[in-house]
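Here is what each chain is made of, one letter per residue.
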Amino acid sequence: MNWMNIELILLILMPILTAVMLCFSSESNHKINITITLTSISLELYFITALLVSNFAAVKNASFFLQYTIGRAESPFVINFALDNLSLFFSLIVTAAVFLIVIFSVKYVEDRANQFFALFFLVLAAIQGSILTADLFTLYLFIEAITIFTTPLIAFKKNETTTRAALQYLFYGLIGGVFFFISIILIYFELGTLRMAEVAAAFVNIEPGMQLTIIIFFLLALLIKLGIFPIHFWLPRAHSACPAPISALLSGVLLKVYLYIFMRIFWTVISFTILSRFQLHHFILELALFSSLVGHLFALQSDNLKKMLAYSSIGHIGMILAVLLLNTKAAFYGAILHIIAHLLMKSALFLSTGYLLQTTLSYQISDLKGVGHKNRSVFVAFIIVCLATIGMPPLFGFVSKWYVLLAFLESQHYFGAFVVGAGSLIALIYYLRYISQAYLTFKGSETVSIWQENLSFKEFFSSFNAMKAVIYLFTFLIIFFGFSFKFFSMPIDTAIFELLNPQKYIDLVLGG
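Rules and cut-offs
Here, residues in each chain are numbered from 1, in the same order as that chain's written sequence. The predicted nature of this model means local features are confined to residues of pLDDT at least 70 and side-chain atom pairs, given and counted, to a pLDDT of 80 or more, with totals for whole chains, interfaces and linings taken over all residues. Side-chain numbers come from the whole structure's heavy atoms, not from hydrogens or water. By the criteria applied, helices consist of DSSP H or I runs no shorter than four residues and strands consist of E runs no shorter than two, each listed in order from the N terminus. For the radius of gyration, the atom set is restricted to C-alpha positions; the globular benchmark scales as 2.2 Å times the number of residues to the power 0.38. Partly exposed describes any residue whose relative accessible area lies between the buried limit of under 20% and the exposed limit of over 50%, with all areas from a 1.4 Å probe on protein chains only and scaled to the type maximum. Note on contacts: a residue pair qualifies if any of its non-hydrogen atoms lie within 4.5 Å across the two residues. Every case where a carboxyl oxygen of Asp or Glu lies within 4 Å of a side-chain nitrogen of Lys or Arg is listed as a salt bridge. To define axes, lines are fitted to C-alpha atoms, for helices over the stretch in contact only, and angles between the resulting N-to-C directions are given on a 0 to 180 degree scale. Angular relationships are summarised with four words: roughly parallel below 35 degrees, roughly antiparallel beyond 145, roughly perpendicular across 65 to 115, and oblique for the angles in between. In a left-handed crossing the near helix is turned counterclockwise from the far helix by less than a right angle, and in a right-handed crossing that turn is clockwise. The classification used treats Ala, Val, Leu, Ile, Met, Phe, Trp, Tyr, Cys and Pro as nonpolar, Asp, Glu, Lys and Arg as charged, and all other residues, Gly among them, as polar. In a helix, the anticipated span is given by 1.5 Å times the number of residues less one. Paired strands, as defined in this entry, are two strands with at least two bridges between them according to DSSP. Nonpolar cores are built from buried Ala, Val, Leu, Ile, Met, Phe, Trp, Tyr and Cys residues. Side-chain atoms within 4.5 Å join them into one set.

Draft legend 1. Quick look at the overall build of the protein chain. Helix and strand counts for the protein chain stand at 23 helices and two strands. Taking 2.2 N^0.38 as the reference for a compact globule, 512 residues should give roughly 24 Å; the C-alpha atoms of the protein chain span a radius of gyration of 22 Å, in line with that estimate. Across its three principal axes, the protein chain shows a C-alpha extent of roughly 75 × 55 × 45 Å. Split into buried and exposed, the 512 residues of the protein chain put 61% on the buried side. Of the contacts formed within the protein chain by residues at least 6 apart in sequence, a portion of 79% connects residues at least 24 apart.

Structure, rendered in structure tokens:
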């Protein structure tokens, strides 16, 4: 074991240590527990931001690379962590989103808070491990850890609906894990190693029939994890059953982690050239587009707000996966930009939904009547984010969808362009259903003017509400990046460089 680049392992160990401390701390020590929680997530964000700032010149010219190895490099079971521009980018946006979700959760979750945050931080550790690992077996372990630790969070409310959703999530998560495990076992039998760089360098030497088998099992595993049609039905049940912060984590953050894993597997470990040799990229692209359309259509017929948001995520993830498979610079730019936009938008939607519907009987559309009058400023934020998700200019969602649309048109894939446009039109209809219902009034309902709420800055800061502050910040970022999306040009361009030049990753890992 070397001690250089120890910060990589700290990004994983710190959430684990936090979870252990919370497990052994009494629920009665509320202030201490909150301090531990906020300190830990702040340090996590500080470490990943410090890595960016201290290596900014290397990041900017796409030469950034850090590696940390546990064990002997020549051992087939070495634990290897690596951070390049692509993994740094994903780790940074995921950590920033999780930071805001934790701040929201501190006020939102009061019952069994220690249990909630202990599990939450274990999920964060597994997410960071999935992004940072450079060997397939460790990646498999982290993917399974994500499934295992998110299951009790989905069932956190402890009723029949949440328990059933959690068990279904666990079942399909483990099935996906089995498929992933079959792939890495086949790779080990063929090559005698599971280090991603070594597999990438030697995968071309595997017999074509075995290559195809490995690829198919990887695809099955990741399509399940991403909720792509026809294995999608577990996703809306799981994402709608859990508390709002976990819905934001699952839909806003975790699906992006699986997209990262998809990119790492099929552009770094298995060359996209090999994938295209079997014509599988065409099939998956069309399947993803069909899944996107199905997701939006199911969202249209859903009468449950959280299920509608989950189905909408299926629509967006299908679109992102499809545009990635075009394998052009324009496609990568649009896909990664929409990954950021969807992370912000879906996190904001689930958190604002959780805040707005704290006092309603359910998330059914019939129970939303009058909600828009009770918390007008938060509901205005909700509407803005809905408009961004639809793709309304000049919001961030419009910009990212525009680049996705341009990528499809540039590649002359007109069905893809149609799905982008049709998805936005369908989304306009299903979001308007809920917005109009929330503005209906009923006898005896109390309404307040928007000026009486937190849009008065004096009142907002004199009675600070962390949950509202997080919702407003997400909304502000969605508006701000609609005008300033070029802020992401450099990190996206360097991430694209990593995708298009996998040999750099291979050489640096094997040379380090």
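We are not done yet, so read on.
Draft legend 2. Representation of the pattern of salt bridges within the structure. Using the criterion set out here, one finds five salt bridges in the structure. Arg164 is the salt-bridge partner of Glu160, the closest N and O atoms lying 2.8 Å from each other. Of the two residues, Glu160 and Arg164 are both situated in helix H7 (residues 160-191); the distance of four residues between them amounts to about one turn of the helix. Like Arg164, Glu160 is exposed. In this structure, the salt-bridge partner of Glu198 is Arg195, at a minimum N-O distance of 3.5 Å. We classify Arg195 as buried; its relative accessible area is 6%.

Draft legend 3. Representation of the packing of helix H1 (residues 7-24) against helix H5 (residues 113-132) within the structure. Following both chains from N to C, one finds H1 and H5 inclined at 165°, their axes separated by 8 Å at the closest point. In terms of orientation, H1 lies roughly antiparallel with respect to H5. Handedness of the H1/H5 crossing: left-handed. Contact residues: H1 offers Leu8, Leu11, Ile12, Pro15, Ile16, Thr18, Ala19, Leu22 and Cys23, while H5 offers Asn114, Phe117, Ala118, Phe121, Leu122, Leu124, Ala125, Gln128, Gly129 and Leu132. For the contact of H1 with H5, a count of residues per class yields 15 nonpolar, four polar and no charged.

Draft legend 4. Here's a closer look at helix H18 (residues 396-410). Its 15 residues place the ends of H18 21 Å apart at the C-alpha level, agreeing with the 21 Å of an ideal helix rising 1.5 Å per residue. For H18, the full list of buried residues reads Phe396, Gly397, Val399, Ser400, Lys401, Val404, Ala407 and Phe408. Tucked inside the fold, the buried residues of H18 contact helix H13 (280-301), helix H14 (305-324), helix H15 (329-356), helix H17 (376-390), helix H19 (414-438) and helix H21 (466-483). Downstream of H18 by one or two residues, Gln412 has phi in the positive range, about 55°.

Draft legend 5. Inspection of the pairing of strand E1 (residues 66-70) at higher detail. With four of five residues buried, E1 lies mostly within the body of the structure. Across five bridges, the pairing between E1 and strand E2 (residues 79-83) is antiparallel. Its bridge partner being in E2, Gln67 is matched across the sheet by Ala82.

Draft legend 6. How the structure looks around the nonpolar core. The biggest cluster of nonpolar side chains holds 202 residues, and the ones touching the most others in it are Ile127, Leu136, Phe218, Ile265, Phe266, Trp267 and Phe396. Looking at this core element by element, the count peaks at 19 residues for helix H11 (residues 244-269). When residues no more than four places from it in sequence are discounted, the contact partners of Leu136 are Phe180, Ile184, Ile187, Leu194, Met196, Val199, Phe218, Ile265 and Val269.

Draft legend 7. Looking closely at unusual backbone geometry. Pro230 follows Phe229 through a cis peptide bond whose omega is 10°. Mapped onto the elements, Pro230 comes out in the loop between helix H9 (208-226) and helix H10 (234-241). Phi angles above zero are rare outside glycine, and Gln279 is one such case at about 60°. On the secondary structure map, Gln279 appears in the loop between helix H12 (272-277) and H13. Although it is not a glycine, Asn327 sits at a positive phi angle of roughly 60°. For Asn327, a relative accessible area of 27% gives the class partly exposed.

Draft legend 8. Representation of the environment of Leu10. In this fold, Leu10 is placed in helix H1. With 473 residues separating them along the chain, Leu10 and Phe483 place their C-alpha atoms 35 Å apart. Leave out the neighbours within four places in its chain, and Leu10 touches Pro15 and Glu44.

Draft legend 9. How the structure looks around the packing of helix H6 (residues 136-154) against H11. In the contact formed by H6 and H11, the axes pass within 13 Å of each other and the chain directions differ by 165°. Classified by the interaxial angle, the pair formed by H6 and H11 is roughly antiparallel. At the point where H6 passes H11, the crossing takes the left-handed sense. Judged by residue contacts, Leu136, Leu139, Ile143, Ile146, Thr147, Thr150, Leu153 and Ile154 of H6 engage Ile246, Leu250, Leu254, Tyr258, Ile261, Ile265 and Val269 from H11. Per-class residue counts for the contact of H6 with H11 are 13 nonpolar, two polar and no charged.

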